[in-house]
Amino acid sequence: MTANHSPLRKWVDEVARLTQPEAIHWCTGDDEEFADLIRQMTDDGTLAALNQDSYPNCYLHLSDPSDVARVEHLTYVCTERQIDAGPNNHWMSPADGHAKMDALFAGAMRGRTLYVIPYCMGPIDSPYSRCGVEITDSAYVAVNMKLMTRMGSAALARIERDGSFVKGLHSTGDLDPERRFIMHYPEELSIKSIGSGYGGNALLGKKCHALRIASYQARKEGWLAEHMLIVGIENPHGETHYIACAFPSACGKTNLAMLIPPESQPGWKVWTLGDDIAWLHLDDGGTLRAINPESGYFGVVPGTNEETNRNAYAMIRHDTIFTNVARTANNEPWWEGKNEGAPAIDWQGRPYDPANGKAAHANSRFTVAAQNNPAYSRLAEAPQGVPISAIVFGGRRKSVAPLVYQAKNWRHGVLVGAGVASETTAANVGKVGVVRRDPMAMKPFCGYNFADYWAHWLSFADRSPRLPKIFHVNWFRQGQDGKFLWPGFGDNLRVLRWIIERCEERVAAVETAIGYLPASGDIDMTGLAVSDDDMSALTSIDEDEWRAEIDAIGVYLESYGERLPDELRAEQKRIAKELG
Ligand code: OXD
Ligand code: MN
C-alpha cells in the first residue's frame, strides 16, 4: 500500500533518510498482516505463544526490565514559550527538542523495518474523530496499534480526505534509559518518542496523541480530550444514562467501565464505551457528547479475576497480547490476584522464586480489541457519540474524600476536578503510594498549561445551559485498621445509581461546604454488609481535614501564578470561608 497524500509521503521519506531502515512497510491493518506480524515475532522471540488450547491466539511479550511503565520525568511538552507548557509539564523549546531527538533518531532503524501506521482515533466516519500516523520500528507496536485503534487502509483514506494528521515518530532505540525521551510538539501536532517499547510511551495514539496533543487541539477547537472512561448504565426499564469518569492511572477505570451489577441489583446493566479516554464535544443543542477515541484496551492485569471483573476475565481468555505477566507450568498466563493456577516462570523469564518479588509485574498489561468485551456498547461505534449525564472525578485517598459528593454547579465542579489528589501507582516509574495533586486525572497528560486548561473547562458554562452534573468519588477510603471501608467493584453501581438519581433530580441530598452528600439511606445497601458506622464515615466529612485540604488546594492553585483563572480562585475562597 502506498499513499497519495503527499505531505505523508514526504514525511516518510524524510524519516527514512534520517533513520536508515532496511525496509519500509505500510500497514493495511488487515487480518493477514496481523497474523504475519505475530508469526514473525514468535519466530524472533519478541512474543511467546501461550497455551493455545486454553488461551487461543494469546501471546506473551516480556519487556526489558527497565522498560515497564510510563516515564513522566522523561516526557516533555515543547512549545515556543515555556509558560504555554505550564508548571505541570517538563519543557524544552521545539528547536532544542527536535535537535535532541533527531540526533538520537539518526540511523536508529538500521537493520530494522520501518512501519507506517495510519490510524483514526474514534469511529472512522465521526466528525469528532482525528487521525494520526505513527512511524515505528517495532512490530509489537504495530500489532498493539491494530488492537487499540482503527488502523490501516480506512484511516489512510480519511487522512487523504481530511488533509491533516498528527505525526508520531517512534523507535525502540537501544532501550538505554539515558537515551529515552517522549517529546510532544503540540503547536506542530507532532510527537517523537525513543528508547521505550512500553505502551504509554510507544503506542503513540494513546497518551501522546489522544491526550497530550488532543488536549491542546481541543482547546483551540472548543472541545475536551480527557482521561475518562465512558460507561452506559441501563436501569431495569431499559433507560440508559452515560457517565464519564476521570481517575488517575491504575485506580480501577477498566473495572468500572466493565462493571458487573451485584445480584441484589436485578435488571441493571452496564455497557462499556471506553475505559481510558473520552473526547467530549458540545453538539448544536448544547448537549455534551462523548466518543472513545480508542478501539481496544491496554489494561492492568493484576487483580483481574472472575469476581473483580468477570467481563475482563472472559475477554482476555482469547486473542490477547499479555505484557510482563508470569506463566504457569502449562504455559497459561498468571498474575497476582488471578485466583487460579500458580506461577512457574516470572515476568523476567526466570523460574518463579518469591525471593525475587512478584511473579507478574505490578504494571503488567493486556492488549485486547474492544469487541472482545461481552459488555461492549454498540453505541461505541456511533459517529455522534453518546450524551453525557454526569462527569465523575475520583482519586485513591485513604482519608479525607468521602465515598461520593456532588459539586454545586459547573464552576464548583471545575474546582473539584482541579483539586483531585491521588496516591501514585505502578503505571509510572517512581515511588508508589505518595499523595499528589492530579487535576482531572490529567497531571501526566495535559499538553498545555493547567491554568489555561481550567479556564477552558470554565468556559463551557457560557456555552451551554445543559452541561452534565459533576461529582467526586473515592472507592479507597480506609478505616483505622487500614482496611477498605467500601467493597468497590460491582458494588460501585450503588453509588452510580445515586449519581443518576441526582441527575434526574429524584433524590434530595445533604448540603455541605464541599458539595452535596447522600442522605442516610439514599444509597441502596440491599444485600451489602457495610456497618452503619462505616457507612457514616464514608458519607460524612471531617471539617478540620477539609479546612486543611481546601487550603492545600489553594496553595497548589496559586502555584500557577497569574494565569490562574479568577473564577477558580474565587470558588476556592468561597469554600474556605464556608468551612470557617
Ligand atoms: C494507562 C495509564 O495506561 O493511565 O492508561 O497509565
Ligand atoms: Mn490511563
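Refer to the structure printed above.
All of the points below concern the structure found in this document.

Thresholds, definitions, all that
Starting from 1, residues in each chain are numbered consecutively following that chain's sequence as written. Chains and ligands are labelled by the order in which they are written, letters from A for the one and numbers from 1 for the other. For a predicted model such as this one, the threshold for reporting local features is a pLDDT of at least 70, and the threshold for listing and counting side-chain atom pairs is 80 or more; totals across whole chains, interfaces and linings nevertheless cover every residue. Hydrogens are left out, water is left out, and the side-chain values use all remaining heavy atoms of the structure. Put simply, DSSP marks the helices as runs of H or I at least four residues long and the strands as runs of E at least two long, and each gets a number from the N terminus on. Just to be clear, the radius of gyration here is over C-alpha atoms, and the globule rule we use is 2.2 Å times residues to the power 0.38. When accessible area is computed with a 1.4 Å probe and restricted to protein chains, residues below 20% of their type maximum are described as buried, those above 50% as exposed, and intermediate ones as partly exposed. Here a residue-residue contact requires only that any non-hydrogen atoms of the pair lie within 4.5 Å. Charged-residue counts in this description rest on Lys and Arg as positive and Asp and Glu as negative, His and the chain ends being excluded. We put the charge of a Lys on NZ, of an Arg on CZ, of an Asp on CG and of a Glu on CD. In this text, near means that some heavy atom of the residue lies within 4 Å of the molecule or strand in question. Side-chain atoms alone can form a polar contact between residues adjacent in sequence; in general such a contact is a pair of N or O atoms within 3.5 Å, and within protein one must be able to donate a hydrogen while the other accepts it. Surface exposure here means Shrake-Rupley accessible area, sampled with a 1.4 Å probe, where a residue is shielded only by the protein chains that are shown. The nonpolar class holds Ala, Val, Leu, Ile, Met, Phe, Trp, Tyr, Cys and Pro. Asp, Glu, Lys and Arg form the charged class, and all remaining residues, Gly among them, are polar. Note that the domain bounds were set by an automatic or database domain assignment. Residue count minus one, scaled by 1.5 Å, sets the expected span of a helix. Each metal's donors comprise the N, O and S atoms found within 2.8 Å of it (within 3.2 Å for Na, K or Ca). Water is not part of the atom list, so some coordination spheres may appear incomplete.

**Examining the overall build of the protein**
Along the protein, the regular secondary structure elements total 16 helices and 29 strands. Here the C-alpha atoms of the protein give a radius of gyration of 23 Å, agreeing with the 25 Å that 2.2 N^0.38 yields for 580 residues. For the protein, the spread of C-alpha atoms along the three principal axes comes to 65 × 55 × 45 Å. The buried share of the protein, taken over its 580 residues, is 61%. Residue pairs in contact within the protein that sit at least 24 positions apart in sequence constitute 72% of those at least 6 positions apart. Charge separation in the protein, taken as the distance between the mean sites of 58 positive and 74 negative side-chain charges, equals 3 Å.

**So, the site of ligand 1**
Around ligand 1, the structure places R70, K206, K207, H227, S249, D276, R365, A427 and F445. Here an oxygen atom of ligand 1 sits 2.9 Å away from a polar atom, N or O, in the side chain of R365. Look at ligand 1: alone it shows 210 Å² of surface, and the protein chains cover 95% of it. For the shell around ligand 1, the residue count by class is two nonpolar, two polar and five charged. Viewed by domain, the shell around ligand 1 spans two of them, domain 1 (6–45 + 69–222) and domain 2 (226–295 + 379–579), each represented by three or more residues.

**A word on helix α13 (residues 492–503)**
With twelve residues, α13 should cover 16 Å at 1.5 Å per step; its first-to-last C-alpha distance of 17 Å lies within 8% of that length. For α13, the buried fraction is high: twelve of the twelve residues fall into the buried class. For α13, the set of buried residues is N492, L493, R494, V495, L496, R497, W498, I499, I500, E501, R502 and C503. Just downstream of α13 lies E505, where phi reads positive at about 55°.

**As for the coordination of the manganese ion (ligand 2)**
Coordination of the manganese ion (ligand 2) by the protein is provided by K207 (NZ), H227 (NE2) and D276 (OD), with metal-donor distances spanning 2.2 Å. The motif formed by the donor residues of the manganese ion (ligand 2), counted along the single chain, is K-x19-H-x48-D. Here D276 lies in the loop between β15 (269–274) and β16 (278–282) and K207 lies in helix α8 (residues 205–221), a separation of 69 residues in the sequence. On the basis of relative accessibility, which here comes to 6%, the residue K207 falls in the buried class. Overall, the relative accessible area of 7% leaves D276 in the buried class.

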